[in-house]
Amino acid sequence: MAAAVAGEEVTNRQVILKRYVTGCPTVEDMEVVTGTLRLAVPPGSPAVLVKNLYLSCDPYMRTRMTRHAVPSFVPDYVPGKVLDNCGVSKVVLSGHPDFKPGDLLWGVTGWEEYTQLIPNPVFRHMINHREFPLSYYTGVLGVPGLTAYAGLFRVAKAKKGEYVFVSAAAGAVGQIVGQLAKLTGCYVVGSAGSDQKVNLLKTKFGFDDAFNYKKELDLNAALKRCFPRGIDVYFENVGGAMLDAVLHNMRHRGRVAVCGQVSQYNLERPDGVDLFRLVGKHIRMEGFRVAEYAGEYRRFEEEMARYLNEGKVVCVEDVAEGIEAAPAALVGLFAGRNVGKQVVVVARE
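Residues numbered from 1 in each chain as written. Predicted model: local features only at pLDDT ≥ 70, side-chain atom pairs only at ≥ 80, totals over all residues. Heavy atoms only, no water.

The protein chain carries the name Enoyl reductase (ER) domain-containing protein in an unreviewed UniProt entry, which gives Urochloa decumbens as its organism. Turning to the protein chain, the UniProt record has this under Subunit (unreviewed entry): "Homodimer." (UniProt positions renumbered as here; feature names shortened; annotations may be inferred.)

> Whenever I open this one, the pairing of strand E14 (residues 317-321) confuses me. Can you help?
As a general feature of sheets, a regular strand has side chains that alternate between the two faces. Of the strand pairs in this sheet, E14 and strand E15 (residues 341-345) are connected by 5 bridges, and their pairing is parallel. Residue Asp318 lies in a different strand from E15, and its bridge partner there is Gln342. Handedness of the β-α-β unit built from E14, helix H8 (residues 326-332) and E15 comes out right-handed. (Pairing = 2+ DSSP bridges. Helix = DSSP H or I, 4+ residues; strand = E, 2+ residues; numbered from the N terminus. Right-handed = clockwise from strand over helix to strand, strands pointing away.)

> Any chance you could explain the layout of surface pockets here in plain terms?
Unoccupied space between atoms shows up once a probe the size of one water molecule is rolled over them. Of the voids in this model, the second largest pocket is the one considered here, and its volume is about 190 Å³. Surrounding the second largest pocket, 13 residues form its lining, Arg62, Thr66, His68, Tyr265 and Leu267 being those nearest its centre. In the lining of the second largest pocket, the residues fall into 4 nonpolar, 7 polar and 2 charged. (1 Å grid on protein atoms, 1.4 Å probe; cavity = no way out; pocket = protein on both sides within 12 Å on 5 of 7 lines; lining within 4 Å. Points joined across faces, edges and corners; volume = space filled by probe spheres on them. Nonpolar A, V, L, I, M, F, W, Y, C, P; charged D, E, K, R; others polar.)

> How should I be thinking about the sheet that holds strand E8 (residues 163-166) in this particular structure?
Think of a sheet as strands paired side by side through backbone hydrogen bonds, with each pair either parallel or antiparallel. Across the sheet, 6 strands lie side by side as E10-E9-E8-E11-E12-E13; this open sheet has parallel pairing. Since the sheet does not close on itself, it has two edges, and those belong to strand E10 (209-212) and strand E13 (284-287), each with one partner. Going across the sheet, the axis of each strand differs from the next one's by a mean of 15 degrees, ignoring polarity. Strand contacts of helix H1 (residues 143-155): strand E11 (231-236), strand E12 (250-258) and E13, with the helix running at about 150 degrees to E11, the strand carrying the most contacts. Packed on one face of the sheet, helix H3 (residues 195-203) meets strand E9 (187-192) and E10 and runs near 175 degrees to E10. (Axes fitted to C-alpha atoms, helices over the stretch in contact; angles between N-to-C directions. Contact = heavy atoms within 4.5 Å.)

> Looking at this model, I keep getting lost on unusual backbone geometry. Mind explaining?
Glycine aside, residues mostly have negative phi angles, and peptide bonds mostly take the trans form. Positive phi is not limited to glycine here, since Ala168 has a value of about 50 degrees. Tracing the backbone through its elements, the reader meets Ala168 in the loop between E8 and helix H2 (174-184). With phi around 65 degrees, Arg253 is a residue other than glycine that occupies positive phi space.

> Teacher, can you tell me more about the nonpolar core here?
Here is a general trend for soluble globular proteins: nonpolar side chains tend to be buried in one another's company. Ranked by internal contacts, the top residues of the largest apolar core, which has 60 residues, are Val140 and Met304. With 8 residues, H1 is the largest single contributor of residues to this core. Ignoring sequence-local partners within four residues, the contact set of Met304 consists of Val140, Leu141, Ile176, Leu180 and Val313. (Core = buried A, V, L, I, M, F, W, Y, C linked by side-chain atoms within 4.5 Å. Buried < 20%, exposed > 50% of the residue type's maximum accessible area, 1.4 Å probe, protein only.)

> Any chance you could explain the side chain of His125 here in plain terms?
By the element assignment, His125 lies in strand E7 (residues 124-126). Among the residues examined, His125 registers a relative accessible area of 8% and is labelled buried. Those residues within four positions of His125 in sequence are excluded, and the remaining contacts are Leu104, Leu105, Trp106, Tyr297 and Arg298.

> When you look at the packing of aromatic side chains in this model, what are you seeing that I'm missing?
Remark: the centre distance and the inter-plane angle together describe each pair of aromatic rings, the angle taken between the planes. Scanning the entire structure with this criterion turns up 12 aromatic pairs. Plain terms: the ring middles of Phe165 and Phe211 are 5.9 Å apart, the flat faces sit at 5 degrees to each other, and that makes the pair stacked. Of the two residues, Phe165 is situated in strand E8 and Phe211 in strand E10; the sequence distance between them amounts to 46 residues. When sorted by exposure, Phe165 lands in the same class as Phe211, which is buried. Ring centres of Phe165 and Tyr234 lie 5.4 Å apart, and the angle between their planes is 15 degrees; on these two criteria the pair is classed as stacked. Here the residue Phe165 occupies a position in strand E8, and Tyr234 occupies one in strand E11, the gap between them amounting to 69 residues. Put simply, the rings of Tyr163, Phe165, Tyr187, Phe211, Phe227 and Tyr234 touch in pairs and so form one group of aromatic residues. Above the ring of Tyr114, the side-chain terminus of Lys51 is found at 4.7 Å from the ring centroid. Taking the ring centre of Tyr307 as reference, the NZ or CZ of Arg306 above it sits at 5.4 Å. (Phe/Tyr/Trp six-rings, centres within 6.5 Å; stacked < 30°, edge-to-face > 60°. Lys NZ or Arg CZ within 6 Å of the ring centre and 35° of its normal.)

> Just to check I follow, could you spell out the pattern of salt bridges for this structure?
Pairing of side chains with opposite charge becomes possible as their charged atoms draw close. With the rule as written, the count across this model stands at 21 salt bridges. A salt bridge links Lys182 to Asp208; the nearest nitrogen and oxygen atoms lie 3.0 Å apart. Placement of the pair is Lys182 in helix H2 and Asp208 in the loop between H3 and E10, with a sequence separation of 26 residues. Looking at Asp208, the relative accessible area reads 35%, which means it is partly exposed. One connected set of salt bridges, linked through shared partners, spans Arg13, Lys51, Glu113 and Glu324. (Salt bridge = Lys/Arg side-chain N within 4 Å of Asp/Glu carboxyl O.)

> Sorry if this is basic, but what is going on with helix H4 (residues 219-226) here?
At 3.6 residues per turn, the α-helix brings residues three or four places apart onto the same side. If you check which residues of H4 are buried, you get Leu219, Ala222, Leu223 and Cys226. End-on, the buried residues of H4 take up no more than an arc of 95 degrees, which puts them together on one face. Against E8, E9, E10, E11 and helix H5 (240-248) lie the buried residues of H4. For H4, the N-terminal capping position is held by Asp218, with its side-chain oxygen 3.0 Å away from the main-chain nitrogen of Asn220. (Arc of directions from axis to C-beta. Polar contact = N/O pair within 3.5 Å; in protein donor to acceptor, adjacent residues only side chain to side chain.)

Written as structure tokens, this is what we have:
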């Protein structure tokens, strides 16, 4: 990337939301527009101007594309405005004492080529491990990795010898959950939506077993086959019929860490689940937000970097080239087109 010149005017391609979404999102619900931007930060401001390099595509973004009468813990996107999510960026200009031009950061940024932001200490971090691809900070070393770590150990409190089930197991979070559970000494099974992904779970990520939920006529029977003694820990990513079947197969004092429910995001009326099983089996079911565990990030980062260096954890990425590819990459998540963590490359360093 050529050195930036303060005051220079550059083009800035952006992904905006065209309209609120009902049902499954399409690429037509978004638009890539081209504007211009002057490379500057306001005098005396702690703002930082960054060049975005890698953007993360995550299923939760769908929930922000609908207008909610009751505000959620993350704000709805606004039609005509730029989408945002986590990404990896390079500092171009800075009025902030902690950041200087050339620094590499990860955190929330715009779906655009350049973003001016005021760093948020919750999720705005320097990149410490340059030995790994920068894109890892959108996945295994970023929010998905911390989500897996916090959900498995802090929420579900998985222990050696327990039986762990992970849905959407080949995705950005699920693939890390399964590997961390195996490192802990658990028996781990995952579900995914294609034979290719099931093969990845067994051969690359080291799951003890896995199944293609699209080929199972009876999810309850599939889980009984994989867990004849029942499930201690369920890392919940999909909701609906899968959650219902899992609750049938939970052991007494089982724990469910609710990370997401991707099968429900495009439904106007979510599927019902019989939660009375929580009572009979004394199951604890707890939702969580990864931001609550942001204070553990540095410890997590060093532990995960060690696992990566030792080959104990691996990750698979699905890379889309160019910001123009971002809308299709996001929509593809809901058709299961991605294999592994979905990343959009805006620019390579």
